[in-house]
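As a plain string of letters, each chain reads:
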Amino acid sequence: MSLDKEKIKHVAKLARISVNEAKVDSLTKDLNSIFKFIEQLNELDTNKVEPLTSILNQSLRSRKDEINDGKIREKVLKNSPKDSKEFFVVPKVVE
Amino acid sequence: MIDITNQSLNQIIKRIKTKEISSTDLTKAYIKNIEGAKKLNAFVTTTFDYALDKAKQFDNKPNFDQLLPGIPLAVKDLFCTENFKTTAGSNILNNFVPSYESTVTKNLWDNGSFLLGKLNCDEFAMGSSNETSYFGNVINPVGDQIVPGGSSGGSSSALAADLTPATIGTDTGGSIRQPASFTGTVGLKPTYGLCSRWGIVAFASSLDQAGPMTKDITDCAIMLEAMSGFDEKDSTSINKKKENYSKNLKDNIKGLKIGIPKEYRVDNMPKEIDELWEKGKKILKDLGADLIDISLPHTKYALPTYYIVAPAEASSNLARYDGVRYGYRSEKGKDLIEMYENTRSEGFGDEVKRRILIGTYVLSSGYYDAYYLKAQKVRQLIKKDFDDNFTKVDAILTPSTPSSAFKIGEKTNDPVSMYLNDIFTVPTNLAGLPALSLPAGLDKQGLPLGLQLIGKPLDEQKILNIGYAFEKNCGFKNEIKKWWS
Amino acid sequence: MVVMKSEKFDYFINGDKGKYEVVIGLEVHAQVLSNSKLFSGSPTKFGAEPNEHVSLIDSAFPGMLPVINEECVKQAVRTGLGLNAKINNYSVFDRKNYFYADLPQGYQISQYKNPIVGEGKVLLDMPYGSKEVGIERLHLEQDAGKSIHDMDPSNTYVDLNRSGIALMEIVSKPDLRSPDEVNAYIKKLRSIMRYLGTCDGNMQEGSLRADVNVSVRKVGVKEFGTRCEIKNVNSIKFMQMAIEYEASRQVELLESGKEIDQETRLFDTKKNETRSMRSKEDAHDYRYFPDPDLLPLKLDQKLVDDLKKSLPELPDKKKERFVKDYGLNAYEANVLVSEKEISDYYEEVAKLSDNKLAATWMMGDLFAMLNDKGLNISNSPISAKDFAELVQAIKSGEISGRIAKEVFEIMIESGDNPKKIIETKGLKQQSDPKELEKMINEILAKNKDKVDQYKSGKEKLFGFFVGQVMKSSGGKANPQLTNEILKKLLKG
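This structure is a prediction, so every number in the text was calculated from the model and none was measured.

Draft legend 1. Structural view of the overall build of chain A. Assigned secondary structure in chain A consists of three helices and two strands. Of the regular secondary structure in chain A, the N- to C-terminal order runs α-α-β-α-β. Here the C-alpha atoms of chain A give a radius of gyration of 22 Å, more than 25% beyond the 12 Å that 2.2 N^0.38 yields for 95 residues. Once the C-alpha set of chain A is aligned to its principal axes, its extents read approximately 55 × 45 × 25 Å. Out of the 95 residues belonging to chain A, those deemed buried represent 27%.

In structure tokens:
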């Protein structure tokens with residue numbers, strides 16, 4: 001299967017990465033060579049194989065229902081590019 | 001007088017304990033080296049004042065019972081360090097100062113060491129040559145214009161150039177072992193779940209594992225002992241008793257069964273690598289180990305599998321870098337969506353973007369089964385290859401890399417040829433197994449080469465022991481001329 | 001089994017070209033009652049200052065990892081059991097990937113292919129009989145934070161207090177057919193979860209919200225029509241309005257020969273209409289995959305069995321018991337089991353007084369008063385014990401129903417118990433036949449003309465005499481006795 005520019009632009013949109021028009025060609029070339037490499041997997045018949053869900057053979061460990069976090073607003077907001085001291089502030093979301 | 005920084009960690013610890021050297025003098029010696037090695041570009045951040053302060057505190061009130069008494073350590077800039085900038089080699093985090101300390105670094109500090117600086121790495125650990133870092137290339141001390149490997153390239157370079165007595169890296173597909181191999185040092189990727197991932201900037205969660213990078217096996221055992229351990233904050237951390245790897249280090253490997261997988265002899269592999277492998281086999285055989293030919297039939301599919309699984313997880317792990325709560329935010333764009341797109345486009349470098357796109361694509365509707373699900377099935381087969389063989393052998397010996405270190409820029413225009421560097425290291429990440437890269441010799445150009453020992457899950461002690469015996473009998477010594485200072 | 005009642009189901013939309021049936025399925029998002037969040041130790045309590053209930057995990061800082069809250073898992077299992085559903089001993093957490101300002105990780109941890117709870121069912125009591133609504137699944141997931149759009153003309157403010165709170169998404173089968181059924185379904189779900197203590201069901205605070213899937217098809221057609229999903233509706237009234245609008249919109253489209261786009265829509269409560277949410281369109285590709293930070297959740301069967309054993313009596317069972325043990329009719333039982341607190345109150349009152357009378361008085365005067373004052377049963381100004389005393393006073397004939405109403409009012413105002421009120425105000429019913437006879441004789445003597453008229457056939461006047469007796473006794477005359485004595489004396 002080969003990836004065309006439109007497909008790549010669509011994927012970039014999903015990934016929220018703007019792609020410079022000038023770079024689309026080289027990106028298309030690179031991705032196609034990578035996918036060609038990846039598609040070696042098609043040689044294998046995996047119909048009867050269960051996909052691996054986790055490399056660790058144990059169940060999910062859980063924690064007790066205790067409040068031991070939060071109340072650290074200053075820390076939470078400290079690194080933000082823009083905030084109001086109470087909220088994170090982002091450009092308007094157009095619904 | 002001896003150059004203390006030329007010594008291995010365990011020798012330095014001895015000298016600290018016998019008060020032959022103070023923590024402060026030791027720290028000053030490394031600072032001097034680091035200041036003279038700017039050309040290598042191994043550091044993103046140095047924390048000299050902090051380190052000297054901690055050294056002084058240690059000297060005033062020394063505790064020699066600790067594993068790492070008064071030892072300054074530089075670490076890969078993928079570990080979050082409280083109050084010290086943590087960049088992951090990326091523009092998108094270039095101003096990020098965590099308010100927390102990763103579990104692994106905290107464990108190191110709790111054992112008496114302290115932070116000397118943060119080491120350069122490939123952006124988000126995606127790379128095999130340290131050329132994807134936003135902070136520029138790192139130079140391999142073995143020769144100018146030679147890459148130090150990656151992604152833990154700053155770590156391998158700093159270690160080999162005596163800028164830190166030991167260090168830690170992270171290994172998602174070979175990021176500890178390949179740079180160790182390229183610099184003539186020891187690197188261990190532990191069993192998945194042995195070292196906590198909490199506080200480490202994530203690349204691919206099911207593969208990432210932190211591990212030690214050291215000058216010899218003894219150091220490796222000490223560092224592993226210090227950094228590993230159960231962490232209830234990481235749901236994939238293994239709950240088991242802590243082991244004394246350094247105390248239990250033994251060089252008797254008589255009767256151990258060592259598997260030699262035929263699939264690791266690949267096309268176009270330099271003859272020197274093959275010879276090195278033969279040399280390794282002979283050393284182990286002479287030490288009384290039994291060599292057993294084995295087959296890991298799905299080895300060739302490990303790298304394609306990896307290049308689906310790792311980017312898929314990365315595309316999701318890196319979604320949080322959106323300019324909202326921390327890190328870089330682009331000022332361009334009229335609404336939220338454009339802010340995201342510009343922030344991520346300007347904040348990430350080309351390789352990271354490439355992998356995010358691959359990952360997004362393989363998970364997207366209509367392609368999930370063909371790529372992601374297929375890869376998880378093949379991953380099962382790769383794991384089964386190892387499971388089947390580990391009923392017959394104690395460890396597996398392979399080359400660490402299919403070539404020695406290459407020149408800067410040599411592979412940057414061909415992603416696939418760059419990816420092929422990890423062909424021998426990736427299978428163990430997919431299977432969650434521990435693997436050790438040992439320095440074993442030099443090629444004709446004088447570039448280091450490494451051999452890899454793969455162990456059963458949680459069998460770190462055994463591969464360390466084999467490595468220990470090997471090291472004593474290999475006769476390799478990493479002699480790097482300090483041409484840069 | 002439940003007998004079909006005579007009222008017929010009749011919710012259809014009549015178009016020019018035929019009669020349409022509305023097919024509705026709900027995805028209810030119920031906030032799990034727990035102290036801390038699903039994957040972090042931050043508090044879940046509603047109403048905190050912005051971003052005060054946020055940890056570095058909830059705000060997705062680099063290297064932060066989720067660890068699951070055992071109580072949230074138990075709550076999901078309890079709810080599953082309450083919905084008569086299959087509990088899956090093996091379930092997997094997946095990442096649902098999309099970008100939004102209030103979704104810090106860039107993905108929501110949810111369950112996709114392997115939910116913790118499978119198929120179940122809920123019974124609804126409709127006027128036309130009992131209706132079974134299938135549950136498709138229930139899964140655990142993280143709630144998102146909140147985007148506030150109206151604080152600033154050019155910026156959106158983000159509060160992550162809600163980010164990471166556990167939600168149960170309960171997905172129904174497309175079994176609902178009218179806004180009334182939706183109303184009954186939500187109320188039933190809410191009631192079950194409140195009985196179980198797994199969700200407080202507080203719709204004002206957003207603890208219970210729903211995405212509503214609506215499609216229409218001509219009556220008799222088997223295939224489903226194209227559905228639209230109306231996102232995040234947070235009250236039953238709005239759900240009903242949205243369904244009515246959306247169903248008519250779809251019928252109009254079909255009647256004019258147009259196609260319905262399968263899409264996500266938003267209900268505008270001000271304009272009372274649904275409209276397309278374009279911004280969500282490209283986000284439909286959620287790229288689900290198992291969260292590699294978490295392992296599969298394997299439930300011990302013993303845990304499930306223990307939880308099952310410790311479940312409280314649920315509304316359906318309780319209703320059966322109320323009919324059987326208290327002799328209530330289905331309607332009364334239904335109302336009295338709708339909330340656990342109401343049923344508890346009722347049982348306490350019934351125990352100390354009369355089953356039937358207790359039900360009548362609770363559903364009448366008590367509920368009217370609570371409704372009036374905007375109170376609910378748990379903060380009723382009248383305790384169950386006092387209320388029982390009142391009911392018992394009526395039952396024993398100590399006071400009449402009319403006086404009881406007066407006593408009830410005084411109880412609310414003063415907080416005193418009925419015995420005290422009856423005594424101090426002298427409201428006790430006159431039930432001494434001799435005294436009553438004396439009083440009635442006096443009244444008859446005063447109204448000789450009326451007595452003559454009565455005797456000559458104007459029997460309607462009987463009521464007049466009763467009225468006079470009540471007036472003269474201040475309403476305390478025992479009505480039954482008064483009737484008997486009046487009849488006797490008027491005959492003579």
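Draft legend 2. Looking closely at the overall build of chain B. When helices and strands are counted, chain B shows 15 helices and 11 strands. Taken against the 2.2 N^0.38 rule, which gives 23 Å for 485 residues, the C-alpha radius of gyration of chain B at 21 Å falls within 12% of a compact globule. Structurally, chain B occupies a C-alpha span of about 65 × 55 × 45 Å along its principal axes. Within chain B, the proportion of its 485 residues that are buried is 64%. Excluding contacts between residues fewer than 6 apart, the proportion of contacts in chain B whose partners are at least 24 apart in sequence is 76%.

Draft legend 3. Spatial organisation of the interface of chain B and chain C. Listed by partner, the interface residues are 32 residues for chain B and 26 residues for chain C. Mapped by element, the contributors of at least two residues to the side of chain B that touches chain C are α9 (302–317), α10 (336–347) and α11 (350–363) of chain B. Of the residues forming the side of chain B that touches chain C, the biggest block, three residues, is contributed by α9(B). Here the residues of the side of chain B that touches chain C sort into 14 nonpolar, 10 polar and eight charged.

Draft legend 4. Representation of the pairing of strand β15 (residues 273–276) of chain C within the structure. All names here are of chain C. Two strands pair when backbone bridges link them, and strand β14 (residues 264–268) and β15 are joined in this way by four bridges, in the antiparallel orientation. The residue bridging leucine 266 from the neighbouring strand is arginine 275, located in β15. The turn joining β14 and β15, which pair antiparallel and follow one another in sequence, is formed by four residues; a positive phi near 55° is taken by asparagine 272.

Draft legend 5. Local environment of the sheet that holds strand β9 (residues 146–148) of chain C. Taken together, the three strands give an open sheet; going across it, the order is β2(A)-β10(C)-β9(C), and neighbouring strands pair in antiparallel fashion. Edge positions in the open sheet fall to β2 (88–91) of chain A together with β9 of chain C, since each of these has one partner strand only. For this sheet, the mean inter-axis angle between neighbouring strands, taken without regard to orientation, is 35°. With four bridges connecting them, β2(A) and strand β10 (residues 155–159) of chain C associate as antiparallel partners. Bridge pairing in β10(C) places A:Phe88 opposite C:Val158.

Draft legend 6. Expanded view of the interface of chain A and chain B. Every contact between the two is made by 37 residues of chain A and, on the other side, 50 residues of chain B. Breaking the side of chain A that touches chain B down by element, the ones donating at least two residues are α1 (5–14), α2 (24–38), α3 (73–78) and β2 of chain A.

Draft legend 7. Inspection of the sheet that holds strand β2 (residues 72–76) of chain B at higher detail. All names here are of chain B. What the three strands build is an open sheet, ordered β1-β3-β2; its pairing is mixed. Looking at the sheet topology across the chains shown, the edges are occupied by β1 (43–46) and β2. The average angle at which neighbouring strand axes cross in this sheet is 30°, direction not considered. With five bridges joining them, β2 and strand β3 (residues 114–119) adopt parallel strand pairing. In the strand pairing of β3, valine 75 is matched with lysine 118.

Draft legend 8. Geometry of the environment of B:Leu284. Residue and element names in this part refer to chain B. Take leucine 284: it is sitting in helix α8 (residues 271–286). Judged by the 24 C-beta atoms lying within 10 Å of it, leucine 284 falls in the buried class. Sequence separation between leucine 284 and asparagine 473 is 189 residues; the distance between their C-alpha atoms is 8.9 Å.

Draft legend 9. Highlighting the packing of α9(B) against α11(B). Residue and element names in this part refer to chain B. It is the contact of α9 with α11, at a shortest axis distance of 7 Å, that shows an interaxial angle of 100°. Regarding the angle of α9 to α11, the classification is roughly perpendicular. Along the contact surface, α9 presents Tyr307, Ile308, Pro311, Ala312, Ala314 and Ser315, while α11 presents Arg355, Ile356, Ile358, Gly359, Thr360, Val362 and Leu363. Grouping the constituent residues of the contact of α9 with α11 by class yields nine nonpolar, three polar and one charged.

Draft legend 10. Expanded view of helix α8 (residues 355–373) of chain C. All names here are of chain C. The end-to-end C-alpha distance of α8 is 26 Å, a good match for the 27 Å that 19 residues give at a rise of 1.5 Å each. The sharpest bend along α8 reaches about 35° and sits at methionine 362. For α8, the complete set of buried residues consists of Ala358, Ala359, Trp361, Met362 and Leu366.

Draft legend 11. Representation of the packing of helix α7 (residues 340–352) of chain C against α8(C) in the model. Residue and element names in this part refer to chain C. Taken N-terminus to C-terminus, the directions of α7 and α8 make an angle of 135°; their axes are 8 Å apart at the nearest point. Between α7 and α8, the crossing angle belongs to the class labelled oblique. Where α7 crosses over α8, the handedness of that crossing is right-handed. Where α7 approaches α8, its residues Tyr346, Val349 and Ala350 are matched on the opposing element by Asn355, Ala358, Ala359 and Met362. Class assignment of the residues belonging to the contact of α7 with α8 gives a composition of six nonpolar, one polar and no charged.

Draft legend 12. Structural view of the environment of A:Asp30. Its place among the elements puts A:Asp30 in helix α2. Excluding its chain neighbours within four sequence positions, the residues that come into contact with A:Asp30 are B:Arg354 and B:Pro415.

Draft legend 13. Broad picture of the pairing of β3(B). Judged by how many residues are buried, β3(B) sits mostly within the fold: six of six residues are covered. Since β2(B) and β3(B) lie parallel, the crossover through helix α4 (residues 103–110) of chain B that links them has a hand, and here it is right-handed.

Draft legend 14. Local environment of unusual backbone geometry. Looking along the chain, the bond that leaves B:Gly150 and enters B:Ser151 is cis, with omega of 5°. Secondary-structure assignment places B:Ser151 in the loop between β3 and α5 (153–160). In the Ramachandran plot, A:Lys71 falls in the positive-phi region, its phi being about 55° despite a non-glycine side chain. Its location among the elements puts A:Lys71 in the loop between β1 (62–63) and α3. In this model, C:Ala60 sits at a positive phi of 55°, which is unusual for a non-glycine residue. Mapping C:Ala60 onto the fold places it in the loop between β2 (18–31) and β3 (68–69).

Draft legend 15. Just the environment of C:Phe462, in detail. All names here are of chain C. With respect to the helices and strands, the residue phenylalanine 462 is situated in helix α14 (residues 462–473). Note on phenylalanine 462: 14 C-beta atoms within 10 Å, which makes it partly exposed. With 12 residues separating them in the primary sequence, phenylalanine 462 and lysine 450 have C-alpha atoms 9.6 Å apart. Not counting chain neighbours up to four residues away, the residues in contact with phenylalanine 462 comprise Tyr454 and Leu486.

Analysis parameters
Residues numbered from 1 in each chain as written. Chains lettered and ligands numbered in written order. Predicted model: local features only at pLDDT ≥ 70, side-chain atom pairs only at ≥ 80, totals over all residues. Helix = DSSP H or I, 4+ residues; strand = E, 2+ residues; numbered from the N terminus. Rg over C-alpha atoms; globule rule 2.2 N^0.38 Å. Buried ≥ 20, exposed ≤ 12 C-beta atoms within 10 Å, placed from the backbone. Contact = placed C-beta atoms within 7 Å. Nonpolar A, V, L, I, M, F, W, Y, C, P; charged D, E, K, R; others polar. Pairing = 2+ DSSP bridges. Axes fitted to C-alpha atoms, helices over the stretch in contact; angles between N-to-C directions. Parallel < 35°, antiparallel > 145°, perpendicular 65-115°, else oblique. Expected span 1.5 Å × (residues − 1). Bend = angle between axes of the 7 residues up to and from the residue. Left-handed = near helix turned anticlockwise from the far one by under 90°. Right-handed = clockwise from strand over helix to strand, strands pointing away.

Shape is all these values report; function is a separate question.
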